[in-house]
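# Results of the structural survey
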Amino acid sequence: MLTFRPEHYRIETLGNLELLHFPYVTDGYHKHLHEEYSVCFLKHGNVRTSYRGGTHLSSRYSLTVMNPAELHAGQIDKGETASYFSLYPTAETMRQVVGDCFDKDALPYFGNPIILEQRLASKLERFIASLKNFRLELETQYLSFLAELIRHYADSKFLFPIINNESEAVKK
């Protein structure tokens, strides 16, 4: 087993976005979940993701998108390698993008975890490559990627509404 340590980035100016780069991986990862959304960009190799009771194959230049708090695991075929980036947009950031794009106060829900669209994957790759750019350019690329992801791949009928338990009297 040979796995290089991931490169870790935390970008405070983008809603405390966490990004991990796994440059060389030879085995998978155990079941786990994230509080945030998980967007994985597979740069090289194939990964089988166990998710929602099924196995989903990711190949080069695919995206894997998972909703918060959903259990998943990954496997790489014996003797193979993979390289990928994972970013973890917060629910608050995704809510903000839904509000800006759809004028709704809701969270997106992604029913299909695998996205095979090289144009969108390339957009994410350009964002990752621009991490050293000016803040405004970086923010624009990031929010543009998330907006396109949500617009084309979130199940609009399954947008999770934001539930506010405070009564109007408490707010005043």
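Residues numbered from 1 in each chain as written. Predicted model: local features only at pLDDT ≥ 70, side-chain atom pairs only at ≥ 80, totals over all residues. Heavy atoms only, no water.

### Re the sheet that holds strand β6 (residues 54–58)
In space, the 4 strands of this open sheet follow the order β3-β8-β5-β6, with antiparallel pairing throughout. Bordering the open sheet on either side are β3 (29–32) and β6, each of which pairs with just one other strand. On average, each strand axis in the sheet is tilted by 20° relative to the strand beside it, whichever way the strands run. Bridge analysis of strand β5 (residues 47–51) against β6 gives 5 bridges, and the strand direction is antiparallel. If you follow Val47 over to β6, its bridge partner there is Ser58. (Pairing = 2+ DSSP bridges. Helix = DSSP H or I, 4+ residues; strand = E, 2+ residues; numbered from the N terminus. Axes fitted to C-alpha atoms, helices over the stretch in contact; angles between N-to-C directions.)

### Comments concerning the nonpolar core
Phe41, Leu63, Phe110, Leu124, Phe127, Phe145 and Leu149 are the most contacted members of the largest nonpolar core, which totals 32 residues. Going through the elements one at a time, β2 (17–25), β4 (38–44), β7 (63–66), β9 (82–88), α1 (91–102), β10 (106–107), α2 (118–129) and α3 (135–153) are the ones with two or more residues in this core. In terms of residues, this core owes the most to one element, α3, which gives 7 residues. In contact with Phe145, not counting residues within four places along its chain, are Val39, Leu63, Leu120, Lys123 and Leu124. Counting residues in hydrophobic clusters, the runner-up holds 10 residues, among them Val25, Cys40, Val47 and Tyr88. (Core = buried A, V, L, I, M, F, W, Y, C linked by side-chain atoms within 4.5 Å. Buried < 20%, exposed > 50% of the residue type's maximum accessible area, 1.4 Å probe, protein only. Contact = heavy atoms within 4.5 Å.)

### Looking at the pairing of β5
Side chains Val47, Thr49 and Tyr51 project from β5 onto a buried face, and the interleaved Arg48 and Ser50 project onto a face without burial. The loop that links β5 with its antiparallel partner β6 comprises 2 residues; one of these, Arg52, has a positive phi angle of about 55°. Here β5 pairs with strand β8 (residues 72–75) via 4 bridges, running antiparallel. Within the sheet, the bridge partner assigned to Arg48 lies in β8 and is Gln75.

### A word on the sheet that holds strand β1 (residues 7–11)
Here we have 6 strands laid out as an open sheet, ordered β1-β2-β9-β4-β7-β11, and antiparallel in their pairing. Edge positions in the open sheet fall to β1 and β11 (114–115), since each of these has one partner strand only. The pairing of β7 with β11 spans 2 bridges and is antiparallel. Looking across to β11, one finds that Leu63 is bridged to Ile115.

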